[in-house]
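# Chains, contacts and geometry: an overview
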Amino acid sequence: MSSPDKLIGIRIMQQRKSLGLSQEKLAEKLGISKNHLSNIERGVYLPTVKCVFKICESMGNTPDYYLIGTPSKETDEINSLIKALPNDKQQGIIKLLNFYIDNLF
(Lines give C-alpha, C1' and ligand atoms only; values in the text may rest on other atoms or scores of the structure.)
Protein backbone atom coordinates (compact mmCIF):
# COMPACT_ATOMS: atom_id res chain seq x y z
CA MET A 1 0.00 0.00 0.00
CA SER A 2 1.24 3.49 -0.79
CA SER A 3 2.24 5.78 2.02
CA PRO A 4 0.08 8.83 2.79
CA ASP A 5 3.05 11.08 1.88
CA LYS A 6 3.22 9.53 -1.57
CA LEU A 7 -0.54 9.85 -2.07
CA ILE A 8 -0.41 13.56 -1.19
CA GLY A 9 2.28 14.02 -3.82
CA ILE A 10 0.33 12.02 -6.39
CA ARG A 11 -2.77 14.18 -5.88
CA ILE A 12 -0.69 17.33 -6.33
CA MET A 13 0.95 15.92 -9.46
CA GLN A 14 -2.37 14.78 -10.95
CA GLN A 15 -3.98 18.19 -10.41
CA ARG A 16 -0.94 19.98 -11.83
CA LYS A 17 -0.99 17.81 -14.95
CA SER A 18 -4.75 18.14 -15.38
CA LEU A 19 -4.29 21.92 -15.46
CA GLY A 20 -1.44 21.62 -17.96
CA LEU A 21 1.12 23.12 -15.60
CA SER A 22 4.77 22.13 -15.72
CA GLN A 23 6.66 21.56 -12.49
CA GLU A 24 8.63 24.71 -13.26
CA LYS A 25 5.47 26.86 -13.58
CA LEU A 26 3.85 25.51 -10.44
CA ALA A 27 7.08 25.76 -8.43
CA GLU A 28 7.37 29.39 -9.52
CA LYS A 29 3.79 30.10 -8.39
CA LEU A 30 4.49 28.42 -5.05
CA GLY A 31 7.81 30.16 -4.50
CA ILE A 32 9.76 26.91 -4.22
CA SER A 33 12.33 25.19 -6.42
CA LYS A 34 11.36 22.68 -9.10
CA ASN A 35 13.45 20.07 -7.25
CA HIS A 36 11.54 20.67 -4.03
CA LEU A 37 8.21 20.33 -5.86
CA SER A 38 9.46 17.11 -7.48
CA ASN A 39 10.34 15.76 -4.03
CA ILE A 40 6.87 16.65 -2.75
CA GLU A 41 5.20 14.95 -5.71
CA ARG A 42 7.29 11.80 -5.16
CA GLY A 43 6.43 11.72 -1.43
CA VAL A 44 10.01 12.42 -0.32
CA TYR A 45 8.90 15.60 1.49
CA LEU A 46 5.55 16.70 2.84
CA PRO A 47 4.43 20.19 1.84
CA THR A 48 4.23 22.71 4.67
CA VAL A 49 0.84 24.09 5.66
CA LYS A 50 1.77 27.35 3.96
CA CYS A 51 2.68 25.45 0.80
CA VAL A 52 -0.61 23.49 0.85
CA PHE A 53 -2.56 26.76 0.97
CA LYS A 54 -0.50 28.13 -1.92
CA ILE A 55 -1.22 24.93 -3.86
CA CYS A 56 -4.95 25.39 -3.24
CA GLU A 57 -4.74 29.02 -4.31
CA SER A 58 -2.77 28.14 -7.45
CA MET A 59 -4.58 24.98 -8.57
CA GLY A 60 -7.93 24.92 -6.81
CA ASN A 61 -9.39 22.27 -4.53
CA THR A 62 -9.22 22.31 -0.76
CA PRO A 63 -6.46 21.31 1.67
CA ASP A 64 -8.41 18.18 2.63
CA TYR A 65 -8.40 17.07 -1.02
CA TYR A 66 -4.61 17.19 -1.22
CA LEU A 67 -3.97 15.91 2.32
CA ILE A 68 -6.60 13.19 2.73
CA GLY A 69 -8.13 12.83 -0.71
CA THR A 70 -11.71 13.90 -0.12
CA PRO A 71 -13.79 11.87 -2.56
CA SER A 72 -15.07 13.58 -5.67
CA LYS A 73 -18.03 12.57 -7.85
CA GLU A 74 -15.64 10.55 -10.02
CA THR A 75 -14.24 8.76 -6.96
CA ASP A 76 -17.76 7.83 -5.83
CA GLU A 77 -18.50 6.48 -9.31
CA ILE A 78 -15.31 4.38 -9.34
CA ASN A 79 -16.12 3.05 -5.84
CA SER A 80 -19.61 2.03 -6.99
CA LEU A 81 -18.20 0.17 -10.00
CA ILE A 82 -15.66 -1.68 -7.87
CA LYS A 83 -18.24 -2.57 -5.19
CA ALA A 84 -20.46 -4.11 -7.89
CA LEU A 85 -17.73 -6.68 -8.67
CA PRO A 86 -17.41 -10.03 -6.89
CA ASN A 87 -15.04 -9.92 -3.90
CA ASP A 88 -12.20 -11.76 -5.66
CA LYS A 89 -12.34 -9.29 -8.57
CA GLN A 90 -12.36 -6.36 -6.10
CA GLN A 91 -9.15 -7.67 -4.53
CA GLY A 92 -7.59 -7.95 -7.98
CA ILE A 93 -8.48 -4.33 -8.79
CA ILE A 94 -7.06 -3.15 -5.45
CA LYS A 95 -3.78 -4.99 -6.11
CA LEU A 96 -3.61 -3.54 -9.62
CA LEU A 97 -4.23 0.01 -8.37
CA ASN A 98 -1.62 -0.33 -5.61
CA PHE A 99 0.89 -1.66 -8.13
CA TYR A 100 0.14 1.25 -10.47
CA ILE A 101 0.49 3.86 -7.69
CA ASP A 102 3.69 2.31 -6.36
CA ASN A 103 5.26 2.31 -9.83
CA LEU A 104 4.24 5.76 -11.08
CA PHE A 105 7.77 7.00 -10.64
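Below is a summary of the structure that appears in this document. (Residues numbered from 1 in each chain as written. Predicted model: local features only at pLDDT ≥ 70, side-chain atom pairs only at ≥ 80, totals over all residues. Heavy atoms only, no water.)

## Remarks on the overall build of the protein
Check the secondary structure of the protein and you find 7 helices and 0 strands. In the protein, the succession of helices and strands from N to C terminus is α-α-α-α-α-α-α. The buried share among the 105 residues of the protein stands at 30%. A fraction of 59% describes how many contacts in the protein between residues 6 or more apart in sequence connect residues 24 or more apart. When the accessible surface of the protein is totalled, it reaches about 7,000 Å², and 58% of it is carbon and sulfur. (Helix = DSSP H or I, 4+ residues; strand = E, 2+ residues; numbered from the N terminus. Buried < 20%, exposed > 50% of the residue type's maximum accessible area, 1.4 Å probe, protein only. Contact = heavy atoms within 4.5 Å. Areas by Shrake-Rupley, 256 points an atom, 1.4 Å probe, with all protein chains shown as cover.)

## Regarding the side chain of Q90
Positionally, Q90 belongs in helix α7 (residues 87–102). Among the polar contacts listed, one links the side chain of Q90 to the backbone oxygen of L85, at a separation of 2.9 Å. Non-local contacts of Q90, meaning those with residues more than four positions away in its chain, are made with I82, K83 and L85. (Polar contact = N/O pair within 3.5 Å; in protein donor to acceptor, adjacent residues only side chain to side chain.)

## Description of the environment of Y66
Take Y66: it is sitting in helix α5 (residues 63–68). Between the C-alpha atom of Y66 and that of G9, which follows or precedes it by 57 residues, the distance is 8.0 Å. Here the side chain of Y66 touches G60 through a polar contact of 2.9 Å, landing on its backbone oxygen.

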